[in-house]
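A look at the structure
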Protein chains: 2
Amino acid sequence: MARRTGRRPGNPATREAILQASRAAFAERGYDAASIRQIATGAGVDPALVHHYFGTKEQLFLAAVQAPIDPRELIPQVLAGGVDGVGARLVRTFVRVWDSPRGGTAAALLRSAVTNEWTARMLREFVITQILRRAIRELGLEGPDAMLRAGLVASQLLGLATTRYVLKLEPLVSATADQLAAAIGPTVQRYLTGDIGQDG
Amino acid sequence: MARRTGRRPGNPATREAILQASRAAFAERGYDAASIRQIATGAGVDPALVHHYFGTKEQLFLAAVQAPIDPRELIPQVLAGGVDGVGARLVRTFVRVWDSPRGGTAAALLRSAVTNEWTARMLREFVITQILRRAIRELGLEGPDAMLRAGLVASQLLGLATTRYVLKLEPLVSATADQLAAAIGPTVQRYLTGDIGQDG
DNA sequence: AGAAGAATTCAACAGATGTTGAAGTCAACG
DNA sequence: CGTTGACTTCAACATCTGTTGAATTCTTCT
């Protein structure tokens, strides 16, 4: 008996436009600096409509950032070929994702995490539970120093993201995915499977 | 003949207090999120006094960030012992600086550069001219791929800074400088002097 | 046609921001 | 003493922020 009369919620075009504009804004300005009014203007909409659809600014950020990130589909591509060369494949996949349109979402998370406390918590939780732990399990890298290995990988990859996509430091910006995989791949490989100099 | 009457500019205590409060604010909130009023309150001073001493907010940021960074004094300490083990020494020195009180300045630069365009330009320029070029010259690493090597080093070290000091990702936060030097030193060493897989 | 209700907009709120100019306070000089 | 001028504060400005509630448009149903 529910909902029989009234206008249908159809035509989610504007809703999607708001999401898209918010992703762009969050990606290039970060959570704090991005403004609802700026997002609304970018979507050609009244600011109040943003709240009508998504509620508070935090909820909008969650909606904008949550959807298009799903590392599960990338794991097979990285693992194909076994442990040998997994470092280079991980770097190449990482660069490919950040170069794609969906890389904006990652940039939004990183940019926001640096100045905003709860987004930092979000990114930390996401990196740990969705990426690091999963990668450790899939690669069979159990052991007492597994989290340290994962953290080292995260430091190198996030550093690459910071210098290449945020700081825009040459020549890393112009380097190809293959060049970066050749240069950084061995680092990641060693962090995952090599000697990292702990306890002996 | 100049300035013979009037109150002397003496007692720069409050001026220094403002500088100190601004460093703290910029370090933990970044350029955009840090506010003049917050800084003034932290220094126990009226907001207008901040402008009286430093002019605009950008000038205050420059004053707060410019002084206590001088990489020249650190270079000998990194170079002592020759090229062998320079990677580990660089990592250890890097961690030591960021762990010291002056690390706040670096954190301010990094946090600000991520959301603010002109601070990003500042940090980029600083990293290139004050650190990378100088390190290349002092280490005698001339060559066509010198800047790429330096960029790779920057990516790993900035990544360490992001994960350890901004994102606060365990177990990197609790790791000692020696542990980090043992784990990351070889990476830096290879970026500087090893095979990074380009043109051959 | 008429009613219902989602989509959308208008106008305003309370608060924070950087900045400014005028005023007040106080130490050092002629 | 009286003037000078740096130090310091007060009050206000224009602008932006997130958010809200009422009003309006427009589509879909009975």
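1. Thoughts on the overall build of chain A
A tally of helices and strands in chain A yields 10 helices and zero strands. Along the three orthogonal principal directions, the C-alpha set of chain A runs to about 70 × 45 × 30 Å. When each of the 200 residues of chain A is scored for burial, the buried share is 48%. In chain A, once contacts between residues fewer than 6 apart in sequence are set aside, the share between residues at least 24 apart is 67%. Split by element, the accessible area of chain A, about 9700 Å² in all, is 54% carbon and sulfur. In chain A, the 24 positive side-chain charges and the 18 negative ones have mean positions that sit 9 Å from each other.

2. Focus on the packing of aromatic side chains
Residue and element names in this part refer to chain B. Inspection of the entire model under this criterion finds 16 aromatic pairs over all chains. Look at Tyr-31 and Trp-118: their rings are 5.6 Å apart centre to centre, the planes differ by 85°, and that puts the pair in the edge-to-face class. Of the two residues, Tyr-31 sits in helix α1 (residues 13–33) while Trp-118 sits in helix α8 (residues 117–139), which places them 87 residues apart along the sequence. Here the two residues Tyr-31 and Trp-118 agree in accessibility, since each one is buried. On the basis of an interplanar angle of 80° and a centroid distance of 5.8 Å, the ring pair of Phe-61 and Trp-118 is categorised as edge-to-face. With Phe-61 in helix α4 (residues 57–66) and Trp-118 in helix α8, this pair connects stretches of sequence that are 57 residues apart.

3. Observations regarding the pattern of salt bridges
Residues and elements named next belong to chain A. One pass over the structure, following the stated rule, counts six salt bridges over all chains. In this structure, Arg-92 engages Asp-178 in a salt bridge whose closest nitrogen and oxygen atoms are separated by 2.9 Å. Taken together, the residues Arg-92 in helix α6 (residues 86–99) and Asp-178 in helix α10 (residues 177–193) connect sequence positions 86 residues apart. A residue is classified by how much of its surface remains accessible, and Arg-92, at 25% relative accessible area, is partly exposed.

4. Describing the domain arrangement of chain A
Residues and elements named next belong to chain A. We note that the domain assignment places domain 1 (13–66) and domain 2 (71–193) within chain A. A straight line from the C-alpha centre of domain 1 to that of domain 2 covers 27 Å. Contact with domain 1, which involves 13 residues of that partner, is made by 12 residues of domain 2. With both sides pooled, the region where domain 1 packs onto domain 2 buries about 960 Å², and carbon together with sulfur makes up 67% of that total. Summed over the three residues of domain 1 that lose the most area to domain 2, namely Ala-27, Phe-61 and Val-65, the buried surface amounts to 44% of that side. Between the two partners, domain 1 and domain 2, sit zero salt bridges. When contributions to the side of domain 1 that touches domain 2 are tallied by element, the ones reaching two or more residues are α1 (13–33) and α4 (57–66). Looking at the side of domain 1 that touches domain 2 element by element, the count peaks at eight residues for α1. When grouped by side-chain class, the residues that make up the side of domain 1 that touches domain 2 number seven nonpolar, one polar and five charged.

What counts as what
Residues numbered from 1 in each chain as written. Chains lettered and ligands numbered in written order. Predicted model: local features only at pLDDT ≥ 70, side-chain atom pairs only at ≥ 80, totals over all residues. Heavy atoms only, no water. Helix = DSSP H or I, 4+ residues; strand = E, 2+ residues; numbered from the N terminus. Buried < 20%, exposed > 50% of the residue type's maximum accessible area, 1.4 Å probe, protein only. Contact = heavy atoms within 4.5 Å. Areas by Shrake-Rupley, 256 points an atom, 1.4 Å probe, with all protein chains shown as cover. Lys, Arg positive; Asp, Glu negative; His and termini not counted. Charge placed at Lys NZ, Arg CZ, Asp CG, Glu CD. Phe/Tyr/Trp six-rings, centres within 6.5 Å; stacked < 30°, edge-to-face > 60°. Salt bridge = Lys/Arg side-chain N within 4 Å of Asp/Glu carboxyl O. Domains from an automatic or database assignment. Buried area = accessible area lost by both parts, 1.4 Å probe. Nonpolar A, V, L, I, M, F, W, Y, C, P; charged D, E, K, R; others polar.

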